[in-house]
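# A structural walkthrough
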Amino acid sequence: MAAFNQNQEYVLREYRGQASLPTFIDLYRVSTDTVREVIFDGIEMTTRFAKRSFDILFSSVIMLLGLPIFLTVLLITKLSSKGPAFYKQERIGRNGIPFYIYKFRSMIVESEVNGPQTTSDDDPRITPWGNIMRKTHLDELPQFWNVLKGEMSIVGPRPERAFFIRQITEKAPAYWKLLALKPGITSIGQVGYGYAENVDQMVERMKLDLGYLQEVNILTDLEIIFKTVGTMIGGKGK
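The shown structure was predicted, so the numbers you read here are calculated from the model rather than taken from an experiment. (Residues numbered from 1 in each chain as written. Predicted model: local features only at pLDDT ≥ 70, side-chain atom pairs only at ≥ 80, totals over all residues. Heavy atoms only, no water.)

## Some remarks on the environment of lysine 88
Considering the arrangement of structural elements, one finds lysine 88 in strand 1 (residues 86-92). Classification of lysine 88 by relative accessible area gives partly exposed; the value is 48%. Along the sequence, lysine 88 and proline 142 sit 54 residues apart, while their C-alpha atoms lie 9.8 Å from each other. Excluding residues within four positions of it along the chain, lysine 88 makes contact with Tyr100, Ile101 and Tyr102. (Helix = DSSP H or I, 4+ residues; strand = E, 2+ residues; numbered from the N terminus. Buried < 20%, exposed > 50% of the residue type's maximum accessible area, 1.4 Å probe, protein only. Contact = heavy atoms within 4.5 Å.)

## Overview of the pairing of strand 1
With seven bridges connecting them, strand 1 and strand 2 (residues 98-104) associate as antiparallel partners. Residue lysine 88 lies in a different strand from strand 2, and its bridge partner there is tyrosine 102. Counting the residues between successive antiparallel strands, the hairpin from strand 1 to strand 2 contains five residues, one of them, asparagine 95, with a positive phi of roughly 65 degrees. (Pairing = 2+ DSSP bridges.)

## A few points about the packing of aromatic side chains
Applying the stated criterion across every chain yields a total of four aromatic pairs. Measuring from centroid to centroid gives 5.1 Å for phenylalanine 86 and phenylalanine 104, while their planes differ by 25 degrees, and the two rings are stacked. Of the two residues, phenylalanine 86 sits in strand 1 while phenylalanine 104 sits in strand 2, which places them 18 residues apart along the sequence. Members of the aromatic cluster, each reached through a chain of ring pairs, are Phe54, Phe58 and Phe144. Sitting above the plane of the tyrosine 100 ring, lysine 88 keeps its charged end 4.6 Å from the centroid. Between the NZ or CZ atom of arginine 134 and the centre of the ring of tyrosine 195, over which it lies, the distance is 5.7 Å. (Phe/Tyr/Trp six-rings, centres within 6.5 Å; stacked < 30°, edge-to-face > 60°. Lys NZ or Arg CZ within 6 Å of the ring centre and 35° of its normal.)

## A word on the pattern of salt bridges
Applying the stated criterion to the full structure yields eight salt bridges. Among the salt bridges present, the one from lysine 51 reaches aspartate 221, with a minimum N-O distance of 2.6 Å. Taken together, the residues span a long stretch of sequence, with lysine 51 in helix 4 (residues 45-65) and aspartate 221 in helix 11 (residues 218-234) at a distance of 170 residues. Put simply, arginine 125 and aspartate 123 hold a salt bridge, and the shortest N to O gap is 2.7 Å. With respect to burial, arginine 125 and aspartate 123 carry one shared label: buried. (Salt bridge = Lys/Arg side-chain N within 4 Å of Asp/Glu carboxyl O.)

No statement about biological role is implied by the geometric values presented.
Laid out in C-alpha coordinates, this is it:
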(Lines give C-alpha, C1' and ligand atoms only; values in the text may rest on other atoms or scores of the structure.)
Protein backbone atom coordinates (compact mmCIF):
# COMPACT_ATOMS: atom_id res chain seq x y z
CA MET A 1 0.00 0.00 0.00
CA ALA A 2 2.85 2.39 0.84
CA ALA A 3 4.43 1.75 -2.57
CA PHE A 4 1.11 2.38 -4.29
CA ASN A 5 0.57 5.69 -2.51
CA GLN A 6 4.16 6.71 -3.25
CA ASN A 7 3.60 5.93 -6.93
CA GLN A 8 0.40 8.01 -6.96
CA GLU A 9 2.30 10.95 -5.52
CA TYR A 10 5.01 10.62 -8.15
CA VAL A 11 3.00 10.03 -11.30
CA LEU A 12 0.70 12.99 -10.75
CA ARG A 13 3.48 15.51 -10.15
CA GLU A 14 4.57 17.79 -12.97
CA TYR A 15 8.20 18.41 -13.80
CA ARG A 16 10.03 21.56 -12.74
CA GLY A 17 8.36 21.88 -9.38
CA GLN A 18 4.97 23.10 -10.56
CA ALA A 19 1.81 22.43 -8.57
CA SER A 20 0.80 18.77 -8.53
CA LEU A 21 -2.43 17.25 -9.75
CA PRO A 22 -4.76 15.89 -7.05
CA THR A 23 -4.35 12.19 -6.43
CA PHE A 24 -7.05 9.97 -7.90
CA ILE A 25 -7.95 8.73 -4.44
CA ASP A 26 -8.42 12.21 -2.93
CA LEU A 27 -10.18 13.72 -5.92
CA TYR A 28 -12.59 10.94 -6.81
CA ARG A 29 -13.08 9.24 -3.45
CA VAL A 30 -12.72 5.77 -4.91
CA SER A 31 -11.15 2.79 -3.20
CA THR A 32 -7.49 2.00 -3.74
CA ASP A 33 -8.50 -1.41 -5.09
CA THR A 34 -10.61 0.23 -7.80
CA VAL A 35 -7.82 2.61 -8.74
CA ARG A 36 -5.26 -0.18 -8.83
CA GLU A 37 -7.53 -2.30 -11.04
CA VAL A 38 -8.07 0.48 -13.59
CA ILE A 39 -4.66 2.15 -13.54
CA PHE A 40 -2.28 -0.77 -13.23
CA ASP A 41 -4.21 -3.53 -14.96
CA GLY A 42 -6.09 -1.51 -17.57
CA ILE A 43 -6.40 -4.21 -20.22
CA GLU A 44 -5.72 -7.94 -20.17
CA MET A 45 -2.09 -9.01 -20.28
CA THR A 46 -2.54 -10.96 -23.53
CA THR A 47 -4.14 -7.95 -25.23
CA ARG A 48 -1.43 -5.67 -23.88
CA PHE A 49 1.28 -8.01 -25.20
CA ALA A 50 -0.34 -8.21 -28.65
CA LYS A 51 -0.80 -4.45 -28.76
CA ARG A 52 2.81 -3.80 -27.77
CA SER A 53 4.13 -6.31 -30.30
CA PHE A 54 2.06 -4.67 -33.02
CA ASP A 55 3.29 -1.23 -31.97
CA ILE A 56 6.95 -2.26 -32.25
CA LEU A 57 6.50 -3.98 -35.61
CA PHE A 58 4.36 -1.23 -37.14
CA SER A 59 6.61 1.61 -35.91
CA SER A 60 9.78 -0.15 -37.07
CA VAL A 61 8.37 -0.67 -40.56
CA ILE A 62 7.10 2.92 -40.82
CA MET A 63 10.39 4.43 -39.65
CA LEU A 64 12.43 2.23 -41.95
CA LEU A 65 10.35 2.48 -45.13
CA GLY A 66 9.35 6.06 -44.44
CA LEU A 67 12.90 7.33 -43.90
CA PRO A 68 12.92 9.37 -47.16
CA ILE A 69 9.67 11.05 -46.09
CA PHE A 70 11.05 11.74 -42.61
CA LEU A 71 14.16 13.37 -44.07
CA THR A 72 12.18 15.40 -46.60
CA VAL A 73 9.77 16.73 -43.96
CA LEU A 74 12.69 17.48 -41.65
CA LEU A 75 14.49 19.46 -44.34
CA ILE A 76 11.43 21.47 -45.39
CA THR A 77 10.56 22.21 -41.76
CA LYS A 78 14.08 23.46 -41.10
CA LEU A 79 14.27 25.61 -44.22
CA SER A 80 10.73 27.01 -44.26
CA SER A 81 10.87 28.90 -40.95
CA LYS A 82 13.32 29.97 -38.28
CA GLY A 83 13.91 27.45 -35.53
CA PRO A 84 14.62 23.73 -34.98
CA ALA A 85 12.95 21.05 -37.06
CA PHE A 86 11.77 19.11 -34.00
CA TYR A 87 9.59 20.18 -31.14
CA LYS A 88 9.11 18.44 -27.81
CA GLN A 89 6.47 19.02 -25.18
CA GLU A 90 5.69 17.42 -21.84
CA ARG A 91 2.56 15.28 -21.78
CA ILE A 92 0.99 12.89 -19.25
CA GLY A 93 1.14 9.20 -20.16
CA ARG A 94 -0.04 5.89 -18.77
CA ASN A 95 -0.34 5.76 -14.97
CA GLY A 96 0.02 9.55 -14.99
CA ILE A 97 3.75 9.46 -15.73
CA PRO A 98 5.04 12.55 -17.60
CA PHE A 99 7.04 12.12 -20.80
CA TYR A 100 8.17 14.24 -23.73
CA ILE A 101 6.22 13.91 -26.97
CA TYR A 102 8.11 14.66 -30.21
CA LYS A 103 6.77 16.38 -33.32
CA PHE A 104 8.00 18.23 -36.36
CA ARG A 105 7.66 21.90 -35.42
CA SER A 106 4.53 23.38 -37.00
CA MET A 107 4.51 26.71 -35.16
CA ILE A 108 6.78 29.67 -34.75
CA VAL A 109 9.47 29.51 -32.07
CA GLU A 110 8.29 30.52 -28.57
CA SER A 111 4.68 30.04 -29.54
CA GLU A 112 3.65 29.67 -25.89
CA VAL A 113 5.55 32.47 -24.19
CA ASN A 114 2.27 33.41 -22.49
CA GLY A 115 1.60 29.91 -21.21
CA PRO A 116 -0.14 26.75 -22.53
CA GLN A 117 -2.64 27.40 -25.29
CA THR A 118 -4.84 25.34 -27.57
CA THR A 119 -4.85 25.93 -31.33
CA SER A 120 -7.53 26.85 -33.87
CA ASP A 121 -7.86 26.72 -37.65
CA ASP A 122 -6.72 30.31 -38.09
CA ASP A 123 -4.04 30.30 -35.37
CA PRO A 124 -1.41 32.87 -36.47
CA ARG A 125 1.32 30.91 -34.67
CA ILE A 126 1.12 28.09 -37.22
CA THR A 127 3.60 28.42 -40.08
CA PRO A 128 2.45 27.93 -43.71
CA TRP A 129 4.33 24.62 -43.93
CA GLY A 130 3.14 23.74 -40.44
CA ASN A 131 -0.44 24.11 -41.61
CA ILE A 132 0.17 21.55 -44.35
CA MET A 133 1.80 19.17 -41.91
CA ARG A 134 -1.05 19.45 -39.42
CA LYS A 135 -3.70 18.79 -42.07
CA THR A 136 -1.86 15.66 -43.23
CA HIS A 137 -0.59 14.70 -39.74
CA LEU A 138 2.99 14.69 -41.01
CA ASP A 139 4.00 16.61 -37.90
CA GLU A 140 3.13 13.49 -35.86
CA LEU A 141 5.72 11.24 -37.56
CA PRO A 142 8.43 11.62 -34.86
CA GLN A 143 6.02 10.09 -32.37
CA PHE A 144 6.80 6.66 -33.78
CA TRP A 145 10.00 7.07 -31.78
CA ASN A 146 7.86 7.61 -28.67
CA VAL A 147 6.11 4.34 -29.53
CA LEU A 148 9.36 2.41 -29.88
CA LYS A 149 10.48 3.79 -26.52
CA GLY A 150 7.30 2.41 -24.96
CA GLU A 151 5.87 5.79 -23.96
CA MET A 152 3.06 5.71 -26.50
CA SER A 153 1.04 3.29 -28.59
CA ILE A 154 -0.05 3.56 -32.21
CA VAL A 155 -3.66 3.76 -31.08
CA GLY A 156 -4.73 5.20 -27.77
CA PRO A 157 -6.16 8.37 -26.20
CA ARG A 158 -4.25 11.49 -27.18
CA PRO A 159 -1.94 12.58 -24.32
CA GLU A 160 -2.74 15.91 -22.75
CA ARG A 161 -0.70 18.32 -20.66
CA ALA A 162 -1.22 18.45 -16.90
CA PHE A 163 -2.36 22.06 -17.28
CA PHE A 164 -5.37 20.93 -19.31
CA ILE A 165 -5.96 17.68 -17.41
CA ARG A 166 -6.80 19.71 -14.30
CA GLN A 167 -9.44 21.62 -16.24
CA ILE A 168 -10.82 18.51 -17.94
CA THR A 169 -11.21 16.55 -14.71
CA GLU A 170 -13.06 19.45 -13.10
CA LYS A 171 -15.71 19.06 -15.79
CA ALA A 172 -15.44 15.30 -16.38
CA PRO A 173 -13.77 13.26 -13.59
CA ALA A 174 -14.03 10.11 -15.76
CA TYR A 175 -11.01 11.36 -17.72
CA TRP A 176 -8.63 9.66 -15.28
CA LYS A 177 -9.76 6.28 -16.62
CA LEU A 178 -7.94 7.03 -19.88
CA LEU A 179 -4.65 6.94 -18.00
CA ALA A 180 -5.11 3.17 -17.78
CA LEU A 181 -3.82 3.03 -21.38
CA LYS A 182 -0.72 4.28 -23.10
CA PRO A 183 -1.56 7.40 -25.10
CA GLY A 184 -1.60 7.01 -28.86
CA ILE A 185 -0.48 8.72 -32.04
CA THR A 186 -4.07 8.38 -33.21
CA SER A 187 -7.34 7.53 -31.50
CA ILE A 188 -11.03 7.10 -32.09
CA GLY A 189 -11.39 10.57 -30.60
CA GLN A 190 -8.97 12.03 -33.13
CA VAL A 191 -10.70 10.29 -36.04
CA GLY A 192 -14.26 10.86 -34.89
CA TYR A 193 -13.86 14.33 -33.41
CA GLY A 194 -10.51 15.82 -34.40
CA TYR A 195 -8.31 18.28 -32.55
CA ALA A 196 -9.93 20.08 -29.65
CA GLU A 197 -9.67 23.87 -29.56
CA ASN A 198 -10.78 24.26 -25.93
CA VAL A 199 -11.42 22.24 -22.78
CA ASP A 200 -15.11 21.70 -23.53
CA GLN A 201 -14.16 20.10 -26.84
CA MET A 202 -11.54 17.98 -25.05
CA VAL A 203 -14.33 16.67 -22.82
CA GLU A 204 -16.49 15.81 -25.83
CA ARG A 205 -13.61 13.99 -27.52
CA MET A 206 -12.92 12.16 -24.28
CA LYS A 207 -16.32 10.45 -24.49
CA LEU A 208 -15.24 8.69 -27.69
CA ASP A 209 -11.94 7.63 -26.15
CA LEU A 210 -13.74 6.20 -23.12
CA GLY A 211 -15.67 3.98 -25.52
CA TYR A 212 -12.38 2.68 -26.91
CA LEU A 213 -11.37 1.70 -23.37
CA GLN A 214 -14.16 -0.89 -23.43
CA GLU A 215 -13.02 -2.59 -26.66
CA VAL A 216 -9.25 -2.51 -26.85
CA ASN A 217 -8.08 -5.03 -29.45
CA ILE A 218 -5.96 -5.22 -32.60
CA LEU A 219 -8.96 -5.25 -34.98
CA THR A 220 -10.26 -2.02 -33.48
CA ASP A 221 -6.77 -0.52 -33.74
CA LEU A 222 -6.52 -1.47 -37.42
CA GLU A 223 -9.89 0.12 -38.15
CA ILE A 224 -8.79 3.36 -36.46
CA ILE A 225 -5.47 3.31 -38.36
CA PHE A 226 -7.24 2.92 -41.72
CA LYS A 227 -9.55 5.83 -40.88
CA THR A 228 -6.53 7.90 -39.87
CA VAL A 229 -4.83 7.19 -43.19
CA GLY A 230 -7.99 8.38 -44.93
CA THR A 231 -7.84 11.62 -42.91
CA MET A 232 -4.18 12.09 -43.91
CA ILE A 233 -4.83 11.51 -47.60
CA GLY A 234 -7.83 13.82 -47.57
CA GLY A 235 -5.93 16.52 -45.66
CA LYS A 236 -8.75 16.73 -43.13
CA GLY A 237 -6.57 17.15 -40.07
CA LYS A 238 -5.85 20.44 -38.32
